[in-house]
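Breakdown of the fold
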Amino acid sequence: MSAGKPVDGIKLAVSRDEQLDARNDLAWAIAAGGIGIVLFAALLLFTWNFATTLFLIFAGMLLGVALTAMSHRLGQLVQLPHALRLVIVCLALAVMLSGVVFLGGTTIAQQATALSNTIKSQLVNVKAFLDKNGIDTSYFDLGNVSATSSDSTNPASPAPSPQHNLPSASTLASSGGAIVSQTLKLLLGTVSAVGNFFIVLFLGLAFAAQPVVYYDGLLFLTPAKYRARATVIVDRIGETLERWLFAQIITMFVVFAVTWIGLAIIGIQSSFILGIQAGLLAFIPTVGAIIAGVIVVLASLASGWVAALSAFILFLAVHALESYVLTPIIQRQALDIPPATLFAFQILLGVVFGIWGLALALPLMAIVKVMIDYFKTDAV
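Scoring rules and cut-offs
- Residues numbered from 1 in each chain as written.
- Predicted model: local features only at pLDDT ≥ 70, side-chain atom pairs only at ≥ 80, totals over all residues.
- Heavy atoms only, no water.
- Axes fitted to C-alpha atoms, helices over the stretch in contact; angles between N-to-C directions.
- Helix = DSSP H or I, 4+ residues; strand = E, 2+ residues; numbered from the N terminus.
- Parallel < 35°, antiparallel > 145°, perpendicular 65-115°, else oblique.
- Left-handed = near helix turned anticlockwise from the far one by under 90°.
- Contact = heavy atoms within 4.5 Å.
- Nonpolar A, V, L, I, M, F, W, Y, C, P; charged D, E, K, R; others polar.
- 1 Å grid on protein atoms, 1.4 Å probe; cavity = no way out; pocket = protein on both sides within 12 Å on 5 of 7 lines; lining within 4 Å.
- Points joined across faces, edges and corners; volume = space filled by probe spheres on them.
- Core = buried A, V, L, I, M, F, W, Y, C linked by side-chain atoms within 4.5 Å.
- Buried < 20%, exposed > 50% of the residue type's maximum accessible area, 1.4 Å probe, protein only.
- Phe/Tyr/Trp six-rings, centres within 6.5 Å; stacked < 30°, edge-to-face > 60°.

Turning next to the packing of helix H7 (residues 227–266) against helix H8 (residues 271–281). Between H7 and H8, whose axes approach to 8 Å, the crossing angle comes to 155 degrees. One way to sum up the angle between H7 and H8 is to call them roughly antiparallel. As H7 runs across H8, the sense of the crossing is right-handed. Residue-level contacts link Met252, Val255, Phe256, Thr259, Trp260, Leu263 and Ala264 of H7 to Ser271, Phe272, Leu274, Gly275, Ile276, Ala278, Gly279 and Leu280 of H8. Here the residues of the contact of H7 with H8 sort into eleven nonpolar, four polar and no charged.

Looking now at the layout of surface pockets. As a volume, the largest pocket reaches approximately 2500 Å³. Residue lining of the largest pocket: 44 residues in total, with Leu63, Leu97, Ile249, Met252 and Leu280 positioned closest to the centre. For the lining of the largest pocket, the elements supplying multiple residues, two or more each, are helix H2 (51–75), helix H3 (82–132), helix H5 (169–209), H7, H8 and helix H12 (355–359). Considering every element that reaches the lining of the largest pocket, the biggest residue donor is H3, with eleven residues. The class makeup of the residues in the lining of the largest pocket is 39 nonpolar, five polar and no charged. Along its surface, the second largest pocket is lined by 38 residues, and Met61, Val65, Leu218, Val234 and Ile237 are the ones closest to its centre. Contributing elements (two or more residues each) for the lining of the second largest pocket: H2, H5, helix H6 (211–220), H7, helix H11 (339–353) and helix H13 (361–379). Top contributing element to the lining of the second largest pocket by residue count: H2, with twelve residues.

Attention now goes to the nonpolar core. A general trend in soluble globular proteins is that nonpolar side chains are found buried together. Counting residues in hydrophobic clusters, the biggest one holds 15 residues, and the most contacted among them are Val255, Leu263, Ile268, Leu274 and Val296. Ranked by residues supplied to this core, first place goes to helix H10 (residues 305–330) with four residues.

What follows covers the packing of aromatic side chains. Evaluation of the coordinates by the stated rule reveals twelve aromatic pairs. Put simply, the rings of Phe253, Phe256, Trp260 and Phe272 touch in pairs and so form one group of aromatic residues.

Per the counting criterion, the structure on display carries two cavities of 30 Å³ or more. Considered as a void within the structure, the largest cavity measures approximately 130 Å³ in volume. Along the walls of the largest cavity sit 16 residues, with Thr259, Ala278, Ala292, Phe315 and Val318 positioned nearest its centre. Those elements giving two or more residues to the lining of the largest cavity turn out to be H7, H8, helix H9 (287–300) and H10. With six residues, H10 is the largest single contributor of residues to the lining of the largest cavity. For the lining of the largest cavity, a count of residues per class yields eleven nonpolar, four polar and one charged. Estimated volume of the second largest cavity: approximately 40 Å³. Looking at the second largest cavity, the residues that line it are Val65, Ala66, Ala69, Met70, Glu242, Leu245, Phe246 and Ile249. Among the secondary structure elements, those contributing two or more residues to the lining of the second largest cavity are H2 and H7. Its residues placed into classes, the lining of the second largest cavity shows seven nonpolar, no polar and one charged.

Okay, structure coming up:
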């Protein structure tokens, strides 16, 4: 035994074993804290470098949640095994998509081409208007658009006098290199987009085929003393995402139908493809509606200012319908996130991670909100 320092006239005895235990505990706490900081920094670095892959996996999980939810809804109507119900759901979705492509594929292709040409010509008009008023548009890089549009809109322009001089070898090499470079960029972009689509599709089908396996595996990775809490959190996250996905699908369909019918009544060309893009962009709250509105107004300028003004009023009506009718009624039970908070989170993820962060900001925010609500309730 070793005597300690006197406290209020009383000498406390502290054993050497207790001192050694205290030092060991302090050393362990410092080591654990250092390891935790290093692991957290490594996790942030990993997330930053592989953000696109992580977003792809998360998108596949969302698709798996949607397919599983549809399978469960079908199970309430018919008593069939989960695998058979999932096959029925996938076949029904494939038939619907094939029907849309078969019945409207030609219309979609024609309207998509017309819409692309219209948008290019309107961008040229906007550039000319801004340049006329002394506004520098070089920052927006609209030179290529104007050149392409002028070539496509003025096919009858007088051709330059033929030149009989053969191009030099350097000119041929540079032109060939540019063509090869642009072709490779186009091919790589197409392969990347198709590859990402099939990755998300495969992950969604894999998650939906055996949801119990992944559910149990996730809980198995949780320490035993926290497994009950993890079960509650995972269940709440799944229910929240399921309700939000159903509400989002209904909202997207209503936006598509109202935009399509409204533009058709106004007499805007490419109304069907504009309705499709408005419905798809409705998946991205706030920002998606703004982008869809800009595209609709630009496409409507080709039909005159009256049509453009009518399309702008239609866009405001659709946005009001989505924000003040569909979202409060349909999504009230799914999510309750303040618009300013959601918009700030969207901008943050969009700037940091690009289109993936912008598109998946809402479901990520929903997961964070579920966890915060749970721990806040548990603390109380």
